[in-house]
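Okay, here's what each chain looks like letter by letter:
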Amino acid sequence: MLSGVRVCTPATALFRSFCQGCRSRASGCQRPGRAMSWSPRQISQWNSDESSDPPPSETPRVLITGGLGQLGVGLARMLRQQYGTENVILSDIKKPPTEVFKSGPFVYADVLDFKNLRELVVNNRITWLVHYSALLSAVGEANVSLARTINITGLHNVLDLALENCLRLFVPSTIGAFGPSSPRDPAPDLCVQRPRTIYGVSKVHGELMGEYLHHKYGLDFRCLRYPGIISVNTKPGGGTTDYAVQIFHDALSTGHHECYLRPDTRLPMMHIADCHRATIEFMQAPEYQLSLRTYNISAMSFTPEELVEEIRKHLPHLKVTYNPDPVRQNIADSWPVRFDDSNARRDWGWQPAYGLPELVTDMLNTIREKRTNAGLSTS
Ligand SMILES: NC(=O)c1ccc[n+]([C@@H]2O[C@H](COP(=O)([O-])OP(=O)(O)OC[C@H]3O[C@@H](n4cnc5c(N)ncnc54)[C@H](O)[C@@H]3O)[C@@H](O)[C@H]2O)c1
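Since the model is a prediction, treat every value here as computed from it, not as a measurement.

(A) Local environment of the pattern of salt bridges. All told, the structure shown has 17 salt bridges when counted by the stated rule. A salt bridge links Glu287 to Arg293; its shortest N-O distance comes to 2.5 Å. Judged by relative accessible area, which is 7%, Arg293 ranks as buried. The salt bridge involving Arg346 is made with Asp347; its shortest N-O contact spans 2.8 Å.

(B) Examining the sheet that holds strand β10 (residues 267-271) more closely. One open sheet accounts for three strands, arranged β8-β10-β12; its pairing is mixed. Each having just a single partner strand, β8 (228-230) and β12 (300-302) make up the two edges of the open sheet. Neighbouring strand axes in the sheet, compared pairwise and without regard to direction, differ in orientation by 45 degrees on average. Where β8 and β10 come together, three bridges link them in parallel fashion.

(C) Up close: helix α8 (residues 144-164). The terminal C-alpha atoms of α8, which comprises 21 residues, lie 29 Å apart, in line with the 30 Å expected from a rise of 1.5 Å per residue. Cys166 occupies a position one or two residues after α8 and carries a positive phi of about 50 degrees.

(D) Looking closely at unusual backbone geometry. Following Asp185, the chain continues to Pro186 via a peptide bond in cis, the omega torsion being 0 degrees. Of note in the backbone geometry, Arg125 takes a positive phi value of approximately 50 degrees without being a glycine. Note on placement: Arg125 falls in the loop between α6 (114-123) and β4 (128-131). Note on Arg125: relative accessible area 57%, which makes it exposed.

(E) A look at the site of the ligand. Around the ligand sit 26 residues, and of these Gln70, Asp92, Asp110, Tyr199 and Lys203 come closest. In this structure, a nitrogen atom belonging to the ligand sits 3.0 Å away from a main-chain N or O atom of Val111. Mapped onto the shell around the ligand, the elements with two or more residues apiece are β6 (173-174), α9 (198-217) and β8. Its residues assigned to classes, the shell around the ligand comprises 14 nonpolar, eight polar and four charged.

(F) Representation of the pairing of strand β1 (residues 62-65). Side-chain alternation along β1 places Val62 and Ile64 on one buried face and Leu63 and Thr65 on a second face that is also buried. Across three bridges, the pairing between β1 and strand β2 (residues 88-92) is parallel. When the sheet's bridge partners are listed, Leu63 is paired in β2 with Ile89. Once the chain exits β1 it traverses helix α4 (residues 72-83) before rejoining the sheet at β2, and the crossover so formed is right-handed. Bridge analysis of β1 against β4 gives four bridges, and the strand direction is parallel. Counted as the bridge partner of Ile64 is Val130 from β4.

(G) Molecular detail of the side chain of Gln329. For Gln329, the location among the structural elements is in helix α13 (residues 326-333). Residues in contact with Gln329, not counting those within four places in the same chain, are Tyr260, Leu261, Arg262, Thr265 and Pro324.

(H) Local environment of the packing of aromatic side chains. Taken as a whole and judged by the stated rule, the model has ten aromatic pairs. A centroid spacing of 5.7 Å and a plane angle of 80 degrees characterise the contact between Tyr83 and Trp128, whose relative ring orientation is edge-to-face. Residue Tyr83 is located in helix α4, and its partner Trp128 is located in strand β4; the two are separated by 45 residues in the primary sequence. Like Tyr83, the residue Trp128 is buried in the burial classification. With a centroid separation of 6.0 Å and an interplanar angle of 80 degrees, the aromatic rings of Tyr295 and Trp348 are classed as edge-to-face.

How each quantity is defined
- Sequence positions are assigned chain by chain, starting from 1 and proceeding in written order.
- Reporting of local features is limited, given that this is a predicted model, to residues whose pLDDT is at least 70; pairs of side-chain atoms are given and counted only at 80 or more, and all residues count toward the totals for whole chains, interfaces and linings.
- As a convention, hydrogens and water are excluded, and side-chain values are obtained from all of the structure's heavy atoms.
- For salt bridges, the criterion is a side-chain nitrogen of Lys or Arg within 4 Å of an Asp or Glu carboxyl oxygen.
- Burial classification: accessible surface area is computed with a 1.4 Å probe over protein chains only, and a residue below 20% of its type maximum counts as buried, one above 50% as exposed, and the rest as partly exposed.
- For two strands to count as paired, DSSP must find a minimum of two bridges between them.
- To qualify as a helix, a DSSP run of H or I must reach at least 4 residues; to qualify as a strand, a run of E must reach at least 2; elements of each kind are numbered from the N terminus.
- Lines fitted to C-alpha atoms define the axes here, with helix axes fitted over just the stretch in contact, and angles between the N-to-C directions of these axes take values from 0 to 180 degrees.
- To estimate the expected span of a helix, count its residues, drop one, and scale the result by 1.5 Å.
- We call a residue near a molecule or strand whenever a single non-hydrogen atom of that residue lies within 4 Å of it.
- Polar contact criterion, stated in full: a pair of N or O atoms within 3.5 Å, where within protein one must be able to donate a hydrogen and the other to accept it, and residues adjacent in sequence count only if both atoms are side-chain atoms.
- Under the grouping applied here, Gly and all other residues not named as nonpolar or charged are polar, the nonpolar ones being Ala, Val, Leu, Ile, Met, Phe, Trp, Tyr, Cys and Pro and the charged ones Asp, Glu, Lys and Arg.
- Think of it like this: strands point away, you trace from the first strand over the helix to the second, and a clockwise trace means the crossover is right-handed.
- A contact between two residues is defined here by any heavy atoms of the two lying within 4.5 Å.
- A pair of aromatic rings is counted whenever rings of Phe, Tyr or Trp (Trp by its six-membered ring) have centres within 6.5 Å, and the orientation is called stacked for planes under 30 degrees apart, edge-to-face for over 60 and tilted otherwise.

Shown next as structure tokens:
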């Protein structure tokens, strides 16, 4: 597909300057009318003067792939609050629940079908693409061939499409992009990455391909390494950090949780509201603020034992047994126990709002409310 790319090639210094400005406005730099509206002097002045205001930005038109998983629906809700319901299109290969279907535009999109994706982007004048489709760590290990296809072939389709249409492209990465030879406490943005899962390998591939296309063709690629994300509303998609969601449901239903990790397994985690806010703030950040294209973001880091202790402050009778699953325990043991996110904090002002006590209070209150509304008892 790369042979069809028409844009963002830094053929001349002037074109590159234009392209930088164009990308910061997240618009289609193929359009000659736009190119002509900025004189070379204006462009070079703007590129060199970081304190001056960038050109006025348009409202983005956003497409989210794999949007019916744990993260997509909530991100769409937050983006729609800012940019309008019609400007944010959710997509997936599954049938959406009625309330999601009614809440805003939804389309079928298989990331393996390049032509269909291209039609969606062109017909809907998409300017931002959030690429959420993936098979996560534990599910990926159970189906390596499918994980390779969705996580790598699907990503290539999205990269080609983003280049072709000058999109601002967001692709999440993960703590799983690190491996046993990476520094673990903390893991910095730049270090050895030799993951041992197909999920991790595909995410490192995504980070490197996106950065390569950014440097070579000016693709506006943006990637955050998310920690394990904790949320109430949607079920986690088969990751290694899923216990930290399930435990809240078990605590309020049966009062007993069987944990598939050892009690001392420390992993970086984040409340979903922080994850969505980080994603939007990062997408909104002007290009000149970004010294990297792939950033760690962190909020807290805890073990199952510490999480249980915090939940017991609210539910003293919670019973937890530990029955480590070798696959997920091995994966967790190869991941960082903490993220160094100092570059994200410095470059674009990342700051989490939730620590462990706030996370536990919010999760218990929200699940309790849902159970009450559904007429279910709470232990
Ligand atoms: N949830 C986390 O804790 C976490 C942590 C780090 C990174 N991430 C990343 O964030 C992204 C979203 O995560 P999530 O938890 O919502 O994942 P999820 O597994 O819950 O959802 C993924 C979605 O992708 C869809 N999908 C699968 N094959 C597809 C295809 N061929 N075409 C289109 N869609 C397809 C699935 O139907 C599913 O709805 C993923 O890329 C994941 O790697 C998530």
